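For reference, the chains in residue letters:
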Amino acid sequence: MSGAAQAFSGNLKKAVAGIRRINLEGLRWRVFDAKGQVLGRLASQISTVVQGKDKPTYAPNRDDGDMCIVLNAKDICVTGRKLTNKFYRWHTGYIGHLKERSLKDQMAKDPTEVIRKAVLRMLPRNKLRDDRDRKLRIFPGSEHPFGDKLLEPYVMPPRQVREMRPRAKRAMIRAQKKAEQQEGGKITSKGKKRDEQTVLTS
């Protein structure tokens, strides 16, 4: 730990906080690379590993999850308009002091907290939640103080793209045909088409 700790330039005290309270015997150290990953999809995989649901010995009353190290938290991605439309809200306790912060501002302030909140909100609300939170170590960059451990990179499962619905597929085909006709200059109104058909038949 000492050599890896010397190479780590971040807040070492915060990085290793609470690690003495974890029984590390028999646990694996799984490394997640958040670069280019979608926030919710990554958080669901992390919550599965933290709970130990990927093991055949899983039991809901035991904490058998592995240690999870998440790197490059600042390069996480989100879909849609969540960057500006998603808000984190909290209350200070004073009257009218409802605070809020957008996802974009939170990423600029502390990107590690974005992933932490996403994972913790996927975990069951019970006495094991704090222990599972201690097993989650998130870093904004690629540096971490656990270089002396036997690390295992976690391979994210391939993303399954849902097949397009028939109505949307037909609309897309119509739009493509219309674009092709506009490029070739073959656009004719329905009335002109009918006139041409009558002339041909006669």
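Residues numbered from 1 in each chain as written. Predicted model: local features only at pLDDT ≥ 70, side-chain atom pairs only at ≥ 80, totals over all residues. Heavy atoms only, no water.

Engineer: I'm lost on the sheet that holds strand β2 (residues 67–71) in this one. Help?
Structural biologist: The strands making up a sheet associate through hydrogen bonds between their backbones, and the pairing can be parallel or antiparallel. Taken together, the four strands give an open sheet; going across it, the order is β5-β2-β1-β6, and neighbouring strands pair in parallel fashion. The sheet is open, and its two borders are formed by β5 (136–138) and β6 (151–153), each paired with just one other strand. Pairs of neighbouring strands in the sheet enclose a mean axial angle of 25 degrees, with direction left out of account. Pairing between β2 and β5: three bridges, direction parallel. Bridging across to β5, Val70 finds its partner in Ile138. In the packing of helix α3 (residues 39–51) onto the sheet, the strands contacted are β1 (29–33), β2 and β5, and the crossing angle to β1 comes to about 175 degrees. (Pairing = 2+ DSSP bridges. Helix = DSSP H or I, 4+ residues; strand = E, 2+ residues; numbered from the N terminus. Axes fitted to C-alpha atoms, helices over the stretch in contact; angles between N-to-C directions. Contact = heavy atoms within 4.5 Å.)

Engineer: Would you take a moment to explain the packing of aromatic side chains for this structure?
Structural biologist: How two aromatic rings sit relative to each other is given by the distance of their centres and the angle of their planes. Here the structure, examined in full by the defined rule, presents three aromatic pairs. Each residue in the set Trp29, Phe139 and Phe146 is aromatic and connected to the rest through ring pairs, giving one cluster. (Phe/Tyr/Trp six-rings, centres within 6.5 Å; stacked < 30°, edge-to-face > 60°.)

Engineer: How should the packing of α3 against helix α6 (residues 111–120) be read in this particular structure?
Structural biologist: Any two packed helices are characterised by how steeply their axes cross, that is the angle between the axes, and by the distance between the axes. Following both chains from N to C, one finds α3 and α6 inclined at 60 degrees, their axes separated by 9 Å at the closest point. Taken as axis vectors, α3 and α6 run oblique relative to one another. The hand of the α3/α6 crossing is right-handed. In this structure, α3 contributes Leu39, Ala43, Ile46 and Ser47 to the contact, and α6 contributes Val114, Ile115, Ala118 and Val119. For the contact of α3 with α6, a count of residues per class yields seven nonpolar, one polar and no charged. (Parallel < 35°, antiparallel > 145°, perpendicular 65-115°, else oblique. Left-handed = near helix turned anticlockwise from the far one by under 90°. Nonpolar A, V, L, I, M, F, W, Y, C, P; charged D, E, K, R; others polar.)

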